[in-house]
Structures are given as structure tokens and as C-alpha cells.
Amino acid sequence: MIRLPEPKAEILARRPAILADLARLLPGDAVIGEPIRLKPYETDGLSAYRQMPLAVVLPRSTEEVAAVLRYCHANGIRVVPRGAGTSLSGGALPLADAVVIGLMRMNRILEVNLPDRYAVVEAGVTNIGITRAVEAEGFFYAPDPSSQLACMIGGNVMMNSGGAHCLKYGVTANNLLGLTFVTIEGEVLRIGGAHLDAAGYDWLGLITGSEGQLGIVTEVTVRLLRSPEGARAMLAAFDSVEVAGQAVAAIIGSGIIPVALEFMDKPCIHACEAFAHAGYPLDAEAMLIIEVEGSEAEQDMQLGMIRDICARFSPSSMKLAESAEQSLAIWKGRKGAFGAVGRISPDYLCMDGTIPTGALPFVLKRIGEMSAQYGLGVANVFHAGDGNLHPLIMFDANDPESFRKAEAFGADILKLCVEVGGCLTGEHGVGVEKRDLMGVQFTAAELDLQRAIKSAFDPGWLLNTAKVFPLTDGERRAA
Amino acid sequence: MLPATEEEVAAALRAAAAAREPLAVEGHGTKRAMLRPVQAARTLSTRALTGITLYRPTELVISARAGTPIPEIEAALAAHNQQLIAEPPDPRPLFGGDLPATLGGVVGANLSGPRRIAWGATRDHVLGIRAVTGEGEVFRSGGRVLKNVTGLDLCKLLTGAHGTLGVLTEITLKVLPRAETSGSLALRVPDIAAGVRALSAALGSPFGVSGAALLPAGFGALTGCLALVRVEDLAPSVRYRLDRLSETLGGFGEVARLDEAASVALWRAVRDAEPLAAAPEEAVWRLSLAPSAAPAACAALGAAFGAKLLLDWGGGLVWVAGPATEAAHAAVTRAAAGGAFALFRAPEALRAALPVLPEEAPALAAIGARVKAVLDPAGILNPGRMRA
Ligand SMILES: Cc1cc2nc3c(=O)[nH]c(=O)nc-3n(C[C@H](O)[C@H](O)[C@H](O)COP(=O)(O)OP(=O)(O)OC[C@H]3O[C@@H](n4cnc5c(N)ncnc54)[C@H](O)[C@@H]3O)c2cc1C
């Protein structure tokens, strides 16, 4: 289990006064103190960890966010920013002595500008909400995390979230133009704007993916893209993981960059098939889902080329979608992968390392060995084009020993990712989950440098304390 | 100073920090006339720090030491039919000199060419860095994989920091396959406003436009403006997409199609802002604006000093050339309100006298000063380069 810092006793003791102060700063319905209403905020997507916060506030404007931050700063109160709370790394996990600042009421789309291809939205707009606002005109917001129905753009910015199509369209960081950003002192800053490549230091780039460590985002200017004429997927199954990996390398090496290139191993294929009845080949050791975009003729041409490349690796089966419906069927299993694994195991941990794609066969072999060693099942989905691996470790949360083993197994996988030249997290963030592993990837000096950059924004370490940076040192600095 | 290893860079910086001796940090020094003059007696160049250290075509990554010349990297990529995604400009046409840019220089200045509009800026493709702080401490950020959100992204912080926050020693970039072919449409339009509208229509189409530029009247033998739209893809796709774009854009003016050779030459000229290079005594600015704000900005600059203009990124990037005077600079500053500007090339006196970048809000400037103090506490790295 990961340790949370000792709450500040003096803050806990002042709780009634703090709630009263907050209620003076914000409209009455924006401050939550009753335990029963705090309960929904005690955890996020990493539900093995739970902690009731001191209070929750739900501001409706940048000014209200600034007022709360000014107050918390002046009073030495920690804050935990929160979007939809879908973080899989415990990024939005509360602290006992912290005020959770929930952005979900800031859910307005402020401006859509199609000639200049951007939209300005509040941080609590859902990811899908942006696309919904512009799809009638043929546009979309590109990063598409599987949680896109729920997760919010502010959370996406702070986690630098990716999606199935980031091989072509990039992750959140590549699709932003500007932010409204509130510092812990309550200063409102405009970073970037409606233009590309703002002058000076790349604050936008530094803030993106900073997991709520540097300040609170209240508005986001995102790039909009015109949707392609169409898209279609194919499926290719192979008798071995190695060969499927070679096929991936051959596709990329051929010069075709599909919009999506997803890999599933046998346990994952089985779980998804049982769940979605997508017609996946149950005898295969590995399966690729490959998607291309363009006109019908362009899709045919690209799928044909990819089919010919896959054919060189003796696939056990291939299926090219002939319509949008068949495409959806191919995707259906993959999109439900997390839910599917949830059905065969009471609980699972979703890991998120990245590896050099060439290391896939070795890494999957090692994960298989570890699975036997820990006695826990694992299913692997992999964004094969960009090396982002999601092993889903199955365990039983009612059995503390099983959970302990699952965490140790997960940590071993992430260490392996770093060992082969990859990293601890490709898109889910460090949060509390991977905090204590940061020393595997970074030297002590490198971590201190990152801490010092955080201190430049948040000298008192009030913002999302106990996340990202290994705790003991964080506490030392905070003291 | 010409360190040939990262350890030598670190040793040089430790010594300079101890002596509080400011250093000009550069690669080949091709962009010395960019932004403000650096106040330093000595120069640390990375040009002896060369070589590609890792290249995995099937993983779309390349790593090279900071002083590696860009053409060397481009040649290695071309051998595997790949390319730098952001199409960084060659500084030689605009800045003169014989040497090409180094990788460290392109990343340090975050320079991107026409493809930026579709595929992202240089900063979007920096996957990992090795760098040395102003105290001589080596650090890494990012890595060699395409997706990585582990810890604060110091790659982005150092990219575009013009050597003021650390000396880059090695950089890992994402690369992509070179398209099988490319082709362009050239569209005669009456004025800049119409041209920007045409480019917006092209970029708002589903046809994968990877370049959208505007050459205002006065270049070559042209009358009116020439809007340029590029497609790079498989040959049948390029043909199909240019056909469809011709239909989409026909209403904006007379459309001509350029073959691959003509298209490549033209886009290289746009990338390097060649049409503005002719008069070396003139100042050159780069403005970044929302595209629909560009026509008014261009009109204001035309009225203020008869600016020579070149627009890229669908109108979002405005290259401006004009007299190297404070009055012209003031007009540029006004025209860039709501966006950003950089005094990209100018005689030293002008660059020393003026803010070459927009001012930052005081609270942001204060954070910037604290970040600078973390990475370069003695203030020895390129002092004065970005701001006085
Ligand atoms: C089923 C499922 C599938 C998922 N699939 C993907 C996927 O495909 N790709 C992917 O990248 N992720 C995925 N995720 C993870 C998660 O959805 C993303 O990390 C998402 O961006 C989190 O958004 P959120 O609004 O829920 O943020 P939260 O979970 O509420 O917060 C995330 C972090 O950001 C901080 N934060 C939130 N809002 C702000 C703000 N406005 N200002 C400052 N800090 C803030 C929080 O403190 C926290 O550290 C998935 C999660 C689930 C449960």
C-alpha cells in the first residue's frame, strides 16, 4: 500500500471554521462538508485507494477558483484538483487535510471558431463534449481516451492523455493552443491563445501532464481538426507474439502510418470475445487491429497494402472490414477491453508502461513468467504503434494478500519497461500509484530538479501533495 | 569552448558558474542575429558534440548529439525513407553564412516549417533530452519512446528556451516516413483576406493538407496573391486529394496544379522564408496569430512601413520584412496584439534596444525567473538572449 502523508492536525482542528470561510467565498451550494456528500469524492479510477477529504468545493468560474486558491494559500491548506475522477493512477485521490477543488461545474463551451480551427472550453467539459459540439460541422477534437464519455478536458491536460488514434494525431499536448491557469497564489494567467507556438518559454508544454502539481486549469483552447472522409479497420491474427511484433515493425517500416495500431494477447482476446462477441479468433496468440482513414478508395488501397504486409507473416486469420459497421464490430471488443477483463476477474489493476516496440516479445515473455510466479492472471493490450503497454493484472480486492501481490507484480512490470528503455507511464500519469517507483526512472538529482521546478510554481507544496514525487523527500521539502 | 563530450560540457559549465562568467551558448551560431545579442565574452559551442547515437526506423525514433548538423540527420533518415516531421527551416538563406543548423539549435529555437500546421512543431516531436544545467549538472527528461508522461516535461521547457535554461547535449526525436509523393495547388486570389479564407477552407477540408501558405503580390512576376496548398501522401491519394481540393477551392480563384518538383522547390522557399532574404539590412519578424487575424495585421503593417509579407500555417504565421527601425518594430508589436511576435533577424543595435518577444504578465515572469534560478542560478547561460 502506498502511504499518504500525515494530515496537518492543526488544519483538521480548524475544519468547521474553514468550511464557514469557504461558504463565504462561494455560493452556498458550492461547498460540501457533510460526510455523505463527500463520499463520492473519496476515490478516483484507482479505487483501491480511498480517503475522505476535508471539504469539496465546486466553483463555477475562474474567479471562484482563484478565490479558493488565494484562501487556501493564505491559510496553508492543501488542495487537490479534480475533474471527473477517472484517473487510473490515483491522481485525484483526496487527502484528509485537503480541499478538493472539483471543476465539473465549469462545463461551458465558450467559443468555437471553425475557420481558425479552435475551441475555448471550460476545464469541466468532457472530452467527448468538445467533439459533440463541432461534429455536425465535420470537425473533431483528436485525443480520444477510452474514458472520453466521462473524463474532462482539464484532467486530460493535466494527465496529457492519449487515445487509440494518437499514432496519427498525437496526445493532448500536441492538440492544445492555450490555457487559463490559476496559480496557488490565486493569480490568473493566460498561457498561449488561439495562435500556434506562443513566444517565450513553453509554459503550455510544461503545465501539460503536470498532474495538478503546478496550478489549476480553468479554461482550455484546443485545436479542432476536420474529420476524415471515413475510416475502416482490419484485424490480423498470428500464431505467436514475436511474429505479430514483426508485422507491426514491417507496417511502420513500409512507410504507412495507420491511425491506430492495436495489439491484444491471447488472454485479452478471450476476455474481449466473451464480452463483446466480436468474432475474434480464439486460437490466435496475438491479434492486431489496424485502422486507416480517407475516402473509400484510399481505405481500400491502404488496407490492401497492410494486408499484403501481414500476409508475409503467415497470419492465422485476417478480416478486412467492408463497411463502417464491420469496423465497429472489430473495435467493439477492444473498446470494451477493460470492462471485459472486469467480468472475468473481480478486480484488476491497469498498468501503463511504454516500451520500445521492438522489445515487445521479450517483455510479454517476461510478463508471462511473472504472472506464473505471482499466481495472478494478466491480459495485455498494447498501443503497438507507439509502444504503450496496458497489462491488466487480475486480483481479488477482498483478499489483501492478492492485492499486495498485484501491486508488486505491477511494479515489476514497470521496472521491466524502464529496463528495456521505456518509461513508467505512457498516458495514465504517476499519481500516487507510481510515485514510489520514480527513482527507477530518474536519478535523485533529476527528481530534485523536477521538485525545484514545482517549487517555482508552488513554494509551499500545497498543490496535489503526495502525488508524482516520492513522499519522504516531498515531505521534507514541504516542511 | 568546444567540448567534445557531455562531461566536458559539464566541466566547462561548472567552471563558468564558479567564476560567474556568462557564456554564449550555440551550435553553429547560424542564428546569432536572432532575438537579442547575448552579453558574454566567451562562447560555448556544441559543434564538436556530434553523431547519431540511436536510430530505429521501425520505432520512429532517432537520437543525436546536439551539435549534429541537420543535413546529416536528414540524410540518415532519407536512407530509410523517413524525415524530420516539423520540416525545420534552413537558416542559411535568411541569415547568410555557410554552415547549416545543428539539431540543438533547431530544438533550442523550436523552429518548424510548413508541415507544422498539420503534423506539429519541433517541440511536439522532442521525445527525450540530455542536458546540462548552468551549474554543470547533467540531467535527462523524457526518453526514447513515443508516449511518456512520467514526471514534469522538461523537454518542452528546454525546447524553445534558446539555451537559457540548460545546454542540450543529446536529443531524441520522433520521425515519420517520407510520403511517397507530394503535389500542390497554386491559387490566384485577389488579396490576403481572400487568400486566408481559401487556406482555411483547405485546412478545414478532409483532404489532409500539409502545407498552406500565401505569397502576397510582389514576389516574382506575380499580380494579386498566390495561395499554396500542399498534399503529401501515396501517389493515388495525392492525385485524388488535389482533385477534390481543386473543386473545394475553385470558388476562390483560378487554380493551377504544381507537380512534385515544382512543389518541393516552392515549399522549400516558403520554409526558409527565401522571398524575404534578399535585403540583409532589413529586419525580419515572425508573427503568430489566429489565421483570421492575419489580414488586418498585414494591412496595418503594409500601411505602417510597406511591409514585405509571407504567410504560412494557413495564415497563422506571418513573416514580415521591413526597415530595421524602432517605428517598424512598434508597428509589428501592435499588429501582433492577441498573438505573439519575435524579432527574428535584425542588426545588433535594434535587437539590443527593444523587447524582441512580447512581455509576459508579471506573475508569469516571476515564475519564469524562479525557474531560471533553478536551472541556471548564476545566470551564465545566454544572458539577455530572450529578454533584457
Ligand atoms: C475506463 C477508463 C479508461 C481510460 N482510458 C484512458 C485512455 O485511453 N487514455 C488515457 O490517457 N487515459 C485513460 N484513462 C485515464 C483517465 O481517464 C485520464 O487520465 C483522464 O484524463 C482523467 O480525466 P479526469 O477528468 O477524470 O481527471 P481526474 O481523474 O479528476 O484528475 C486527473 C489529474 O488531474 C488533476 N486535475 C484534474 N483537473 C484539473 C484541473 N482543472 N486543473 C489542475 N489539475 C487538474 C487531478 O488532480 C489529477 O491529478 C482511462 C480511465 C478509465 C477509468
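Bear in mind that the values here come from a model prediction, so they are computed numbers and not experimental data.

Q: Explain the overall build of chain A residue by residue, including any values.
A: Helices and strands together make up the secondary structure of chain A, namely 18 helices and 19 strands. Relative to the globule expectation of 23 Å for 479 residues, the C-alpha radius of gyration of chain A, 23 Å, shows essentially globular dimensions. By principal-axis analysis of the C-alpha atoms, chain A measures approximately 70 × 55 × 40 Å. For chain A, the proportion of its 479 residues judged to be buried stands at 64%. Put simply, 71% of the contacts in chain A that link residues at least 6 apart link residues at least 24 apart. Surface exposure of chain A reaches about 15,900 Å², of which carbon and sulfur atoms provide 54%. Of the side chains in chain A, 41 bear a positive and 56 a negative charge, and the two mean positions are spaced by 4 Å.

Q: Go over the overall build of chain B, please, and point to the residues and values.
A: Across its full length, chain B holds 14 helices and 16 strands. A globule of 388 residues ought to have a C-alpha radius of gyration of about 21 Å, and chain B, at 21 Å, matches this closely. Expressed as lengths along the three principal axes of its C-alpha atoms, the size of chain B is roughly 65 × 50 × 40 Å. For chain B, with 388 residues in total, the buried portion stands at 63%. Working note: accessible area of chain B is about 13,000 Å², and carbon and sulfur atoms make up 55% of it. Positive and negative side-chain charges in chain B, numbering 38 and 35 respectively, have mean positions lying 3 Å apart.

Q: I'd like a description of the packing of aromatic side chains, backed by residues and values.
A: All names here are of chain B. A complete count under the given rule lists 14 aromatic pairs over all chains for this structure. Between phenylalanine 95 and phenylalanine 344, the aromatic rings sit 5.6 Å apart at their centres with planes inclined by 50 degrees, giving tilted as the arrangement. With phenylalanine 95 in helix H3 (residues 92-95) and phenylalanine 344 in strand S16 (residues 340-345), this residue pair connects regions lying 249 residues apart in the sequence. As far as burial versus exposure is concerned, phenylalanine 95 and phenylalanine 344 are alike and both buried. A ring pair is formed by phenylalanine 207 and tyrosine 240, whose centres lie 6.3 Å apart and whose planes are at 85 degrees; its orientation type is edge-to-face.

Q: Let's hear about the side chain of Asn175(A): which residues, and what values?
A: Along the polypeptide, Asn175(A) turns up in the loop between helix H7 (166-169) and strand S8 (176-182). Take Asn175(A): its relative accessible area is 3%, and that puts it in the buried class.

Q: Before we move on, could you go through the interface of chain A and chain B and cite the residues and values that matter?
A: In many reports, interface size means the accessible area that the parts give up when they come together. Taken residue by residue, the interface counts 87 residues in chain A and 73 residues in chain B. When chain A packs against chain B, the two sides together hide about 6,400 Å² of surface, and 61% of this comes from carbon and sulfur. Applying the counting rule to chain A against chain B returns six salt bridges. Here Glu298(A) and Arg241(B) are joined by a salt bridge, their closest N and O atoms 2.6 Å apart. Viewed at the interface, chain B and chain A are joined by 25 residue pairs in polar contact (both at pLDDT 80 or more). For the side of chain A that touches chain B, the secondary-structure elements that each account for two or more residues are H7, strand S9 (188-192), helix H8 (203-207), helix H9 (241-253), helix H11 (296-311), helix H16 (438-441) and helix H17 (444-457) of chain A. Ranked by residue count, the leading element in the side of chain A that touches chain B is H17(A), at nine residues.

Q: Tell me about the site of the ligand, and name the residues and values.
A: All names here are of chain A. Taken together, 33 residues form the shell around the ligand, and within it Pro81, Gly83, Thr86, Ser147 and Ser161 come nearest. Residue serine 146 places a main-chain N or O atom 2.9 Å away from an oxygen atom belonging to the ligand. Here asparagine 464 contributes a side-chain N or O atom positioned 3.2 Å from an oxygen atom of the ligand. Taken together, the elements giving at least two residues each to the shell around the ligand come down to strand S3 (78-82), helix H6 (153-159) and strand S10 (216-223). Take the shell around the ligand: its biggest share by element is five residues, from H6.

Q: Explain the nonpolar core residue by residue, including any values.
A: In this structure, Trp203(A), Phe263(A), Leu157(B) and Leu287(B) are the most contacted members of the largest nonpolar core, which totals 212 residues. If one sorts the elements of this core by residue count, helix H15 (residues 400-419) of chain A sits on top with nine residues. Among all residues touching Trp203(A), those that are not within four sequence positions of it are Ile191(A), Phe457(A), Leu157(B), Glu360(B), Leu364(B), Ile367(B), Gly368(B) and Val371(B).

Q: Tell me about the pairing of strand S3 (residues 52-56) of chain B, and name the residues and values.
A: Residue and element names in this part refer to chain B. Sheet analysis places S3 next to strand S4 (residues 61-65), joined by four bridges and oriented antiparallel. Considered in S4, the bridge of tyrosine 55 is made with isoleucine 62. Counted along the chain from S3 to the antiparallel partner S4, the turn is four residues long, and its residue leucine 60 has a positive phi close to 60 degrees.

Q: Describe the sheet that holds strand S4 (residues 98-102) of chain A, naming the residues involved and giving the relevant values.
A: All names here are of chain A. Overall, mixed pairing links the four strands, which are arranged S1-S2-S4-S3 in an open sheet. The sheet is open, and its two borders are formed by strand S1 (31-32) and S3, each paired with just one other strand. Lying on the sheet, helix H4 (residues 62-75) is in contact with strand S2 (55-57), S3 and S4; it crosses S4 at an angle near 170 degrees.

Q: How would you summarise helix H2 (residues 70-78) of chain B if you had to cite specific residues and measurements?
A: Residue and element names in this part refer to chain B. Along H2, the residues classified as buried are Ile70, Ile73 and Leu77. For H2, the arc enclosing every buried residue in end-on projection is 65 degrees, short of the 170-degree limit, so these residues lie on one face. Lining the buried residues of H2 we find S3, S4, strand S5 (82-84), helix H4 (103-108) and strand S8 (167-177).

So, how was this worked out
In every chain, residue numbers begin from 1 and rise along the written sequence. Going through the entries in the order they are written, you letter the chains from A and number the ligands from 1. Per-residue local features are limited, in this predicted model, to residues with pLDDT of at least 70; the limit for side-chain atom pairs, both in listing and counting, is 80 or more; totals at the level of whole chains, interfaces and linings are taken over all residues. Note: side-chain values were computed over all heavy atoms of the structure, leaving out hydrogens and water. For helices the rule is a DSSP run of H or I covering at least 4 residues; for strands it is a run of E covering at least 2, with both sets numbered from the N terminus onward. Only C-alpha atoms enter the radius of gyration; for comparison, a globular chain is expected to reach 2.2 Å times N to the power 0.38, where N is the number of residues. Buried means the residue's accessible area, taken with a 1.4 Å probe over protein chains only, is under 20% of the maximum for its type, while exposed means over 50%, and partly exposed covers the values in between. It only takes one pair of heavy atoms within 4.5 Å for two residues to be counted as in contact. Areas reported here follow the Shrake-Rupley algorithm with a probe of radius 1.4 Å; residue values treat only the protein chains shown as occluding. Residues counted as positive are Lys and Arg, residues counted as negative are Asp and Glu, and His and the chain ends are not counted. A charge is said to be at NZ when it belongs to Lys, at CZ for Arg, at CG for Asp and at CD for Glu. Side-chain rings of Phe, Tyr and Trp, where Trp is taken by its six-membered ring, are said to pair if the distance between their centres is within 6.5 Å; with planes under 30 degrees apart they count as stacked, over 60 as edge-to-face, and otherwise as tilted. Reported buried area values correspond to the accessible surface (1.4 Å probe) lost by two parts on association, with both partners' losses combined. Criterion for a salt bridge: a side-chain nitrogen of Lys or Arg within 4 Å of a carboxyl oxygen of Asp or Glu. Polar contacts here mean pairs of N or O atoms no more than 3.5 Å apart (in protein, one a potential hydrogen donor and the other a potential acceptor; neighbouring residues in sequence count only if both atoms are side-chain atoms). When at least one non-hydrogen atom of a residue lies within 4 Å of a molecule or strand, that residue is treated as near it. As used here, the term nonpolar core means buried Ala, Val, Leu, Ile, Met, Phe, Trp, Tyr and Cys residues forming a set that is joined through side-chain atoms within 4.5 Å. Two strands pair under a simple rule: DSSP has to find at least two bridges between them. Comment: axis = line fitted to C-alpha atoms, over the contacting stretch for helices; angle = value between 0 and 180 degrees taken between N-to-C directions. By construction, the arc corresponds to the directions joining the helix axis to the C-beta atoms.

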